[in-house]
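# Summary of the model geometry
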Amino acid sequence: MSHIIAIANQKGGVGKTTTSINLSACLANPRRKVLLVDLDSQGNATSGLGIAKGDLKQDMYDVLINGTRMEEIITPTQWKNLYVAPATMNLAGAEIDLINKKNRAKCLKKQLDKVREQYDYIIIDCPPSLSLLTINALTAADSVIIPIQCEFYALEGVTQLMQSIERIKGSSNPDLTVEGIIMTMADSRTHLSNDVVSAVQEHFPDLLYHTLIPRSVRLGEAPSYGMPITAYDPKSKAAEAYKALAREVLRRGR
């Protein structure tokens, strides 16, 4: 049974795309097929897995607005069983064009339903806002993973996102659940990181993953080489952390 997970937080710079790329890479193996859907017009998840955006003739904009079939844009990466539904700056126009669509919140779900059984996991990298694209992602998803940066205002946007998830459950996707919360850019040497983790643990004790994603220069470098951290620096602490996160995701899924 395939599982669709949206990686979402309306706050920017919290590690959504980094988590989308690296969780997808860690979940994919010879027995598990994974599709990463890039729903951010910056297309960073696309380029972060080595897909040249300039060479693309079609992307997620065409799927959502022009009715192009997902199979026509899905692109294999150089890693076995890891695929990308790419995005380019064209997707920025989708917000306006979706307004005139009938059942506009379900455009992505309609397309993903046609291919979901071909994959074990579908990961959706959401844009950093509660836009129509994010609403489409939450409507199509089975669950949500929320990355939170270890910083002072970490919890500020999460309450709003939780409220948004409740609204989606009440309207277009009653079965949507919160898969978990992952702390990113953690530095256990600082009081701030530890205090933020404790605060999130207090507010969401059943949702917080045990894994902490560390602050890492190598993790920041990897996308510029079109690689997940497990390929760019497989022995790094960040690579080990994302492998551990994938194991937690698999355990919760079972």
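Look a little higher up for the structure.
These remarks concern the structure in this document. (Residues numbered from 1 in each chain as written. Predicted model: local features only at pLDDT ≥ 70, side-chain atom pairs only at ≥ 80, totals over all residues. Heavy atoms only, no water.)

## A word on the packing of aromatic side chains
For the structure on display, the rule yields two aromatic pairs. Between the aromatic rings of Y83 and Y119, the centroid separation amounts to 6.0 Å while the plane-to-plane angle is 70°, which identifies the pairing as edge-to-face. With Y83 in strand 4 (residues 82-85) and Y119 in the loop between helix 6 (107-112) and strand 5 (121-125), this residue pair connects regions lying 36 residues apart in the sequence. Aromatic side chains Y225 and Y232 sit 5.1 Å apart centroid to centroid with 25° between the ring planes, which places their arrangement in the stacked category. With relative accessibility at 54%, the residue Y225 sits in the exposed group. Note on Y232: relative accessible area 18%, which makes it buried. Note that K33 overlies the ring of Y119, its terminal NZ or CZ placed 5.1 Å from the centroid. Across from the ring centre of Y209, 4.0 Å away, lies the NZ or CZ of R252, which sits over that ring. (Phe/Tyr/Trp six-rings, centres within 6.5 Å; stacked < 30°, edge-to-face > 60°. Helix = DSSP H or I, 4+ residues; strand = E, 2+ residues; numbered from the N terminus. Buried < 20%, exposed > 50% of the residue type's maximum accessible area, 1.4 Å probe, protein only. Lys NZ or Arg CZ within 6 Å of the ring centre and 35° of its normal.)

## Notes on the sheet that holds strand 5
Pairing within the open sheet is mixed, and its eight strands lie in the order 3-4-2-5-1-6-7-8. Two strands lie at the open edges of the sheet, namely strand 3 (75-76) and strand 8 (208-214), each paired on one side alone. Of the strand pairs in this sheet, strand 7 (residues 177-186) and strand 8 are connected by three bridges, and their pairing is parallel. Note that in strand 8 the partner of M183 across the bridge is L212. Across the face of the sheet, helix 1 (residues 16-27) comes into contact with strand 1 (3-7), strand 2 (34-38), strand 4, strand 5, strand 6 (143-149) and strand 7 while running at roughly 165° to strand 5. (Pairing = 2+ DSSP bridges. Contact = heavy atoms within 4.5 Å. Axes fitted to C-alpha atoms, helices over the stretch in contact; angles between N-to-C directions.)

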